[in-house]
Amino acid sequence: MTEQNKNQNAIGVFDSGLGGLTAVKELNRILPQENIIFFGDTARVPYGTRSRQTILRYTKEDIAVLRQHPVKMIIAACGTVSSALGMDSPVEDMPFTGVVYPAARTACTLTKNRHIGIIGTPATIRSNGYVNAIHAIDPGIAVTAMACPLLVHLVEYGYTNRNNQITRLAAEEYLMPIKKAGADTLIMGCTHYPIIREIIADIMGEHVNLISAGEEAAKYAKKCLTQQHLLTDRTESGHNIYYVSDSVESFRENARHFLPDAADGQVFSLHI
Ligand code: DGL
């Protein structure tokens, strides 16, 4: 494949479910000419309650799905997968990023009091992925991390409205220790959480920086593609194609919370 052709390939993005659409949304905003191929493993979500071994096996299979298409970069738009991988890259022949390092880097830049909070799935917090990434950048930064087992389910069920009392109560329970510890920067370390950003912001207060891991991964991907001269030179808008391992109907129903355009987009179901 010539370099020129490679530039026209899509950016491959995968997630355990639909949270990764928060990264796709940002990619569409900052790289509107790029084609995106998204795979959401909706038949097996959530990953965040599973063992590292299972998460890594699923990761391999998700990447194999994306590799069936011409892609020039792969983004693991999933906090759980990225944390399980740590500093390892699961692909060697093209650029790859997870969400952990990009989010950690931005958090380290933004924190003024050198105290960062992290929320994520149980597997993410157990892995220490974000903590290790932060300390690799700056070992002196204090970190308070909380696993939030209920939040993914509440978001998937659409309990996302700012006034939803159930989600607010659950978020308060998880966020209070971080607030009390005094973190001035919070990594929303799971790609589902930006959907309830308003609730999180209400609880943390307006002085706390909120970092969306998916958005940071998208920005980091732009940087990688620019540095490696892999951006498309297309002038018209790119398009998104979505693949899911569960039904197209459930994708259309749930995707509107994450990326309204996706709900009416080109979606295919495949068996994994
Ligand atoms: N996408 C996952 C993450 O960002 C959340 C859902 C899951 O547990 O699989 O951590």
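Refer to the preceding data block for the structure.
Just so you know, these numbers come straight off a predicted model, no measurement behind them.

S.K.: So what exactly am I meant to see when it comes to the overall build of the protein here?
M.R.: When its secondary structure is counted, the protein shows 13 helices and 10 strands. Its C-alpha atoms give the protein a radius of gyration of 18 Å, within 12% of the compact-globule value 19 Å for 272 residues. With the C-alpha coordinates aligned to their principal axes, the bounding extent of the protein is approximately 55 × 40 × 35 Å. Here the protein holds 272 residues, and the buried ones make up 57% of them. In the protein, once contacts between residues fewer than 6 apart in sequence are set aside, the share between residues at least 24 apart is 75%.

S.K.: Whenever I open this one, the environment of Thr-49 confuses me. Can you help?
M.R.: Topologically, Thr-49 is positioned in the loop between strand S2 (36–40) and helix H3 (52–67). For the pair Thr-49 and Met-146, spaced 97 residues apart in the sequence, the C-alpha separation amounts to 14 Å.

S.K.: Looking at this model, I keep getting lost on the sheet that holds strand S5 (residues 115–120). Mind explaining?
M.R.: The strands making up a sheet associate through backbone hydrogen bonding, with each pair oriented either parallel or antiparallel. On the basis of which strands lie adjacent, the open sheet formed by 4 strands has the order S6-S5-S7-S8 and parallel pairing. Edge strands, defined here as strands with exactly one partner in the open sheet, are strand S6 (142–147) and strand S8 (209–212). Direction aside, neighbouring strands of the sheet carry axes that sit 20° apart on average. Each of S5, S6 and strand S7 (185–188) touches helix H7 (residues 129–137); the most contacted strand, S5, lies at about 155° to it.

S.K.: What am I meant to see in the packing of aromatic side chains here?
M.R.: For any pair of aromatic rings, the description rests on two quantities: the centre-to-centre distance and the angle between the ring planes. One pass over the full model with this rule turns up 5 aromatic pairs. An angle of 65° between the planes, with centres 6.3 Å apart, marks the rings of Phe-38 and Tyr-242 as edge-to-face. Here Phe-38 is found in strand S2, whereas its partner Tyr-242 is found in strand S9 (residues 240–244), with 204 residues between them in sequence. Assessed through its relative accessible area of 2%, Tyr-242 is described here as buried. The rings of Phe-38, Tyr-242 and Phe-251 are connected pair by pair, giving a single aromatic cluster. The ring of Tyr-58 is capped by Arg-44, whose NZ or CZ atom sits 3.8 Å from the centre of that ring.

S.K.: Sorry if this is basic, but what is going on with the side chain of His-192 here?
M.R.: Here His-192 lies in the loop between S7 and helix H10 (197–204). Beyond its immediate chain neighbours, meaning those up to four positions away, His-192 contacts Asp-15, Leu-18, Gly-19, Val-152, Val-155, Glu-156 and Phe-258.

S.K.: Teacher, can you tell me more about the sheet that holds strand S4 (residues 96–97) here?
M.R.: The strand order across the open sheet formed by 6 strands is S4-S3-S1-S2-S9-S10, and the pairing between neighbours is parallel. The sheet is open, and its two borders are formed by S4 and strand S10 (266–269), each paired with just one other strand. As paired elements, S2 and S9 share 5 bridges and run parallel to each other. Pairing of Phe-39 across the sheet is with Tyr-243, part of S9. Sitting on the sheet, helix H12 (residues 248–258) is in contact with S9 and S10, with an inclination near 135° to S10.

S.K.: Help me understand the site of the ligand in this model?
M.R.: Residues in close proximity to the ligand total 14 residues, the closest being Asp-15, Ser-16, Tyr-47, Gly-79 and Thr-80. Note that an oxygen atom of the ligand is positioned 2.6 Å from one of the backbone N or O atoms of Tyr-47. Between an oxygen atom of the ligand and a main-chain N or O atom of Thr-191, the distance comes to 3.0 Å. Protein contact buries 99% of the 290 Å² of open area that the ligand shows by itself. Partitioned by chemical class, the residues of the shell around the ligand number 6 nonpolar, 7 polar and 1 charged.

S.K.: Help me out: how do you make sense of H12 in this one?
M.R.: Counting along an α-helix, one turn takes 3.6 residues, and residues three or four places apart therefore face a common direction. Among all positions in H12, only Val-248, Phe-251, Asn-254, Ala-255 and Phe-258 are buried. End-on, the buried residues of H12 take up no more than an arc of 135°, which puts them together on one face. Opposite the packed face of H12, turned more than 90 degrees from it, sit the exposed residues Glu-249 and Glu-253. Those residues of H12 hidden inside the fold are in contact with helix H2 (21–30), helix H8 (151–156), S9, helix H13 (260–263) and S10.

What counts, and at which threshold
- Each chain has its residues counted from 1, following the order in which its sequence is written.
- Since the coordinates come from a predicted model, pLDDT governs what is reported: local features require at least 70, and pairs of side-chain atoms require 80 or more to be given and counted, while whole-chain, interface and lining totals use all residues.
- Side-chain descriptors were evaluated using all non-hydrogen atoms of the structure, hydrogens and water having been removed beforehand.
- To qualify as a helix, a DSSP run of H or I must reach at least 4 residues; to qualify as a strand, a run of E must reach at least 2; elements of each kind are numbered from the N terminus.
- Radius of gyration means the value over C-alpha atoms here, while the globule rule gives 2.2 Å times the residue count to the 0.38 power.
- Only protein chains enter the accessibility calculation, which uses a 1.4 Å probe; a residue is then buried when its area is under 20% of its type maximum, exposed when over 50%, and partly exposed in between.
- In this description, contact between two residues means that some pair of their heavy atoms is separated by no more than 4.5 Å.
- If DSSP finds at least two bridges between two strands, the strands pair.
- Structural elements are reduced to axes, namely lines fitted to C-alpha atoms, with helices fitted over the stretch in contact, and the angle between N-to-C directions of any two is expressed from 0 to 180 degrees.
- Only centres within 6.5 Å qualify two rings of Phe, Tyr or Trp (six-membered ring in Trp) as a pair; their planes then separate them into stacked at under 30 degrees, edge-to-face at over 60, and tilted for everything else.
- Only lysine NZ and arginine CZ atoms are considered, and such an atom sits over a ring when it is within 6 Å of the ring centre and within 35 degrees of the ring normal.
- In this text, near means that some heavy atom of the residue lies within 4 Å of the molecule or strand in question.
- For this analysis, a polar contact is any N or O atom pair within 3.5 Å, provided that within protein one partner can donate a hydrogen and the other can accept it, and provided that sequence-adjacent residues contribute only side-chain to side-chain pairs.
- A 1.4 Å probe and the Shrake-Rupley method give the accessible areas. Residues count as covered only by the protein chains that appear here.
- As a working rule, the residues Ala, Val, Leu, Ile, Met, Phe, Trp, Tyr, Cys and Pro are called nonpolar, Asp, Glu, Lys and Arg charged, and the rest polar, with Gly in that last group.
- Note that the arc is defined by the directions from the helix axis to the C-beta atoms.

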